[in-house]
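# Summary of structural features
Below, each chain spelled out in residue letters.
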Protein chains: 2
Amino acid sequence: MSIVLVRDSQVRAMESTVTNAEKYFGHFCSLLAAYTRKTARLRDKADQLVKQLVDFANTENPEMRATLRNFAEELARVQDYRQAQVERLETKVVTPLKFYGPQIKQTRAEIKKCKHIRSNEIKQLEKLDKLRQKSPSDRQMISQAETGVQKASADASRTTHQLEETVDAFQTQKLKDLQKIFLDFVTIEMVFHAKAVEVYSSAFQTLENYDLEGDLQDFRAKMRGVYGQKDARPRRDTAPSAAVPWSRPSQSAQSTTRSQRKEEEASEDDFPEEELEEEDLGGWDRDSINGMRTSKSRK
Amino acid sequence: MSIVLVRDSQVRAMESTVTNAEKYFGHFCSLLAAYTRKTARLRDKADQLVKQLVDFANTENPEMRATLRNFAEELARVQDYRQAQVERLETKVVTPLKFYGPQIKQTRAEIKKCKHIRSNEIKQLEKLDKLRQKSPSDRQMISQAETGVQKASADASRTTHQLEETVDAFQTQKLKDLQKIFLDFVTIEMVFHAKAVEVYSSAFQTLENYDLEGDLQDFRAKMRGVYGQKDARPRRDTAPSAAVPWSRPSQSAQSTTRSQRKEEEASEDDFPEEELEEEDLGGWDRDSINGMRTSKSRK
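Residues numbered from 1 in each chain as written. Chains lettered and ligands numbered in written order. Predicted model: local features only at pLDDT ≥ 70, side-chain atom pairs only at ≥ 80, totals over all residues. Heavy atoms only, no water.

The name given to chain A in an unreviewed UniProt entry is Family with sequence similarity 92 member B, with Pipistrellus kuhlii as the source organism.

Have a look at this one:
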């Protein structure tokens with residue numbers, strides 16, 4: 001009967017592998033979905049800040065106006081990268097984690113089937129045991145029971161073997177996917193942070209080059225009512241006027257994510273979104289997408 | 001009377017300078033406070049993910065266990081930097097913006113005083129005009145009214161001049177502060193993103209070095225119930241065991257921010273926090289603080 005015990009502990013080990021995967025992949029999925037949503041909200045706040053910066057720039061004198069517009073544009077660019085980050089996290093991290101639901105369900109069903117067949121084997125063994133105690137001389141009955149046990153044992157052995165293969169495949173896929181999903185997560189984050197460093201470095205220069213003295217001259221002239229010389233003082237920098245930085249080219253792709261925001265705000269955090277966008281990164285931000293693909297090819 | 005009109009447009013220009021500052025600094029303050037809070041929530045979600053990764057690591061075989069623990073530790077380190085970012089945003093960005101409330105109130109009071117004195121000047125002028133029309137021969141009355149106008153004009157001129165100086169000082173400070181606050185914002189962000197790139201690069205290596213085949217050998221051995229050879233296969237990497245990465249050294253400094261979270265979650269986003277922590281970055285993350293100070297000295 002020791003083979004039965006071995007099988008028992010085998011099935012329990014497999015069950016716990018699948019149960020743990022179910023539990024933790026569920027946690028990872030909802031936490032990473034929440035992380036993605038919080039990132040989207042950070043983007044929304046920064047977008048609002050960009051808008052206010054542009055509005056405020058329009059009330060300021062040329063020097064500060066140019067500085068604030070350029071700064072707003074750079075801040076908007078960071079949000080473009082954050083938007084790409086959000087879309088990639090949804091596609092490459094949250095969605096694959098969601099796929100574990102059905103996969104786990106199927107493996108769980110196979111474990112159940114195996115347990116059922118295994119319990120039949122035990123039943124047959126118990127039946128044979130009783131027979132041997134009660135009617136040790138009834139050779140025919142015992143022989144019949146022995147055949148039953150052999151058949152049940154063969155069934156159990158075969159099913160356990162099948163299950164072993166299923167769980168082996170499940171585990172292999174799980175480990176590969178874990179590595180891949182978290183590598184994707186890290187890559188997406190890394191690309192975003194690297195781009196942010198780049199853009200903020202340029203924003204630092206923009207702000208540092210601001211000419212306070214020139215701006216104050218303009219202000220004083222204006223206050224004394226002798227404004228009109230304003231164009232006499234040459235400005236170092238002119239803001240690229242029209243194209244408001246916070247109105248992005250592919251508004252359509254964005255609006256989905258953005259309009260979802262309100263609902264997400266209401267139903268807090270802990271459940272993954274039901275709808276995910278297709279991997280449609282639209283026309284904007286090609287540069288960074290390519291950047292990501294390059295760094296991905298390392299794997 | 002043209003001097004009166006000039007003064008009028010001067011006062012209106014000053015008033016609009018102060019009104020705009022009030023309006024937009026208010027917006028900046030609440031948006032940046034919200035931005036900071038959203039960053040804190042992102043940190044909280046990532047902290048939860050770290051905890052789940054560590055828990056899950058404990059259910060896995062040695063290879064994946066080590067990988068996940070190291071990855072969790074790196075993810076926790078990013079959150080340490082994010083926490084530093086949150087505290088610095090509060091201290092260097094949100095708090096200075098809050099100081100504009102009282103300052104603007106005072107300047108606004110001076111404008112009101114100036115307008116009152118200016119309307120007295122107009123009253124005296126009107127009085128003189130009427131006298132000249134009604135009793136052009138009453139030299140004594142006209143002379144008295146002329147003195148009144150002269151006095152009122154002198155008052156208005158002096159007050160307007162004073163106001164001009166006040167608003168000039170206000171504007172100078174405002175422009176300087178705008179530059180400084182946004183430079184601080186950019187520096188804080190830049191330091192955080194740069195550190196994140198660094199840590200994620202290391203996390204990428206951690207995940208990429210994961211030995212899937214070795215792990216599967218362990219798993220298969222375990223499943224076949226012949227587990228026990230597990231230590232026979234040498235492992236490339238051992239996780240620094242005990243010190244759970246997500247329990248940070250200076251828990252006390254942190255706990256304030258973290259316990260505020262729940263309340264903030266309830267009262268959504270649009271008002272700056274009433275209490276701000278002192279600039280106490282505690283003992284952790286010295287490295288990054290120094291990094292920030294270095295880059296600041298550039299200004």
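### Examining the overall build of chain A
Check the secondary structure of chain A and you find seven helices and zero strands. Traced from its N-terminal end to its C-terminal end, chain A shows the element sequence α-α-α-α-α-α-α. Across the 299 residues in chain A, those meeting the buried criterion constitute 52%. A fraction of 87% describes how many contacts in chain A between residues 6 or more apart in sequence connect residues 24 or more apart. Entry remark: accessible area of chain A is about 14100 Å², with carbon and sulfur atoms responsible for 52%. (Helix = DSSP H or I, 4+ residues; strand = E, 2+ residues; numbered from the N terminus. Buried < 20%, exposed > 50% of the residue type's maximum accessible area, 1.4 Å probe, protein only. Contact = heavy atoms within 4.5 Å. Areas by Shrake-Rupley, 256 points an atom, 1.4 Å probe, with all protein chains shown as cover.)

### Comments concerning the relation of the copies chain B and chain A
Mapping chain B onto chain A calls for a screw motion: a turn of 180° about the axis and a shift of 0.0 Å along it, with 0.2 Å RMSD after fitting. Between the two chains, the operation in question is that of a two-fold axis. Closest approach to the rotation axis within chain B is made by the C-alpha atom of His193(B), at a distance of 2.5 Å. (Least-squares fit on C-alpha atoms with pLDDT ≥ 70 in both.)

### Focus on the packing of helix H4 (residues 139-208) of chain A against helix H4 (residues 139-208) of chain B
Their axes nearest at 8 Å, the elements H4(A) and H4(B) cross at an angle of 155°. With respect to each other, H4(A) and H4(B) are oriented roughly antiparallel. Of the two possible hands of crossing, H4(A) and H4(B) adopt the one that is left-handed. Taken together, the residues of the contact of H4(A) with H4(B) sort by class into 26 nonpolar, eight polar and four charged. (Axes fitted to C-alpha atoms, helices over the stretch in contact; angles between N-to-C directions. Parallel < 35°, antiparallel > 145°, perpendicular 65-115°, else oblique. Left-handed = near helix turned anticlockwise from the far one by under 90°. Nonpolar A, V, L, I, M, F, W, Y, C, P; charged D, E, K, R; others polar.)

### Overview of the interface of chain B and chain A
On the side of chain A, 75 residues touch chain B, which itself brings 76 residues to the contact. Roughly 7000 Å² of surface becomes buried between chain B and chain A when both sides are summed, with 73% attributable to carbon and sulfur atoms. Here Lys174(B) ties to Glu60(A) by a salt bridge, and the two come within 2.5 Å at their closest N and O atoms. Here chain B and chain A share nine residue pairs in polar contact (both at pLDDT 80 or more) between them. When its residues are assigned to classes, the side of chain B that touches chain A shows 38 nonpolar, 17 polar and 21 charged. (Buried area = accessible area lost by both parts, 1.4 Å probe. Salt bridge = Lys/Arg side-chain N within 4 Å of Asp/Glu carboxyl O. Polar contact = N/O pair within 3.5 Å; in protein donor to acceptor, adjacent residues only side chain to side chain.)

### Structural notes on helix H2 (residues 62-98) of chain A
Every α-helical turn comprises 3.6 residues, leaving residues that sit three or four positions apart pointing alike. Residues and elements named next belong to chain A. For H2, with 37 residues, the first-to-last C-alpha span of 52 Å sits near the 54 Å given by 1.5 Å per residue. Largest kink in H2: about 35°, centred on Glu90. Across the 37 residues of H2, 29 count as buried, placing the element largely inside the fold. (Expected span 1.5 Å × (residues − 1). Bend = angle between axes of the 7 residues up to and from the residue.)

### Overview of the packing of aromatic side chains
All chains considered together, the criterion is met by 18 aromatic pairs over all chains. Their ring planes at 50° and their centres at 5.1 Å tell us that Phe182(A) and Phe71(B) sit as a pair that is tilted. Here the residue Phe182(A) occupies a position in helix H4, and Phe71(B) occupies one in helix H2 (residues 62-98), the pair thus bridging two chains. With relative accessibility at 1%, the residue Phe71(B) sits in the buried group. Seen from their ring centres, Tyr35(B) and Phe185(B) are 5.6 Å apart, and the 65° between their planes marks the pair as edge-to-face. (Phe/Tyr/Trp six-rings, centres within 6.5 Å; stacked < 30°, edge-to-face > 60°.)

### A look at the pattern of salt bridges
Residue and element names in this part refer to chain A. A full pass over the atoms with the stated rule returns 18 salt bridges over all chains. Asp44 is the salt-bridge partner of Arg43, the closest N and O atoms lying 2.9 Å from each other. Asp44 shares its class with Arg43; the two are buried. The partner of Glu146 in a salt bridge is Arg132, with the nearest N and O atoms 2.8 Å apart. Pair noted here: Glu146 is in helix H4 and Arg132 is in helix H3 (residues 100-134), with a separation of 14 residues, a long-range link.

### Remarks on helix H5 (residues 212-223) of chain A
Residues and elements named next belong to chain A. With 12 residues, H5 ought to run about 16 Å at 1.5 Å a step, and its terminal C-alpha atoms sit 16 Å apart, in line with that. Every buried residue of H5 is listed here: Leu212, Gly214, Asp215, Leu216, Asp218, Phe219, Ala221 and Met223. With a side-chain oxygen positioned 3.4 Å from the backbone nitrogen of Glu213, the residue opening H5 is Asp211.

### A short note on the side chain of Glu60(B)
Relative to the assigned elements, Glu60(B) resides in the loop between helix H1 (2-57) and H2. Of the polar contacts made by the side chain of Glu60(B), one reaches the side chain of Lys174(A); its length is 2.5 Å. For Glu60(B), the residues in contact, after removing those within four places along its chain, are Gln171(A), Lys174(A), Leu175(A), Arg65(B) and Leu68(B).

### Brief notes about the nonpolar core
Within the largest apolar cluster, 122 residues are counted, with the highest numbers of intra-cluster contacts made by Phe28(A), Phe185(A), Tyr200(A), Phe28(B), Phe185(B) and Tyr200(B). Listed in part, the six residues of the second largest apolar core include Leu125(A), Leu128(A), Leu131(A) and Ala145(A). (Core = buried A, V, L, I, M, F, W, Y, C linked by side-chain atoms within 4.5 Å.)

### Description of the confidence of the model for chain A
Residues and elements named next belong to chain A. Across chain A, the average pLDDT comes to 79, with 74% of residues at or above 70. Averaged over each element, pLDDT in chain A is lowest for helix H7 (residues 286-296) (35) and highest for H2 (97). Under a pLDDT of 50 for its full length, residues 226-232 has, in the predicted model, seven contacts with residues more than four places off or in other chains. Contacts of residues 234-299 to residues separated by more than four positions or lying in other chains number 131 contacts, the stretch itself having pLDDT below 50. (pLDDT = per-residue confidence, 0-100.)

### Quick word on the packing of H2(B) against helix H3 (residues 100-134) of chain B
Residue and element names in this part refer to chain B. In the contact formed by H2 and H3, the axes pass within 5 Å of each other and the chain directions differ by 25°. Relative to H3, the element H2 is oriented roughly parallel. Taking contact as the criterion, the partners of Pro96, Leu97 and Lys98 in H2 are, on H3, Tyr100, Gly101 and Pro102. For the contact of H2 with H3, a count of residues per class yields four nonpolar, one polar and one charged.

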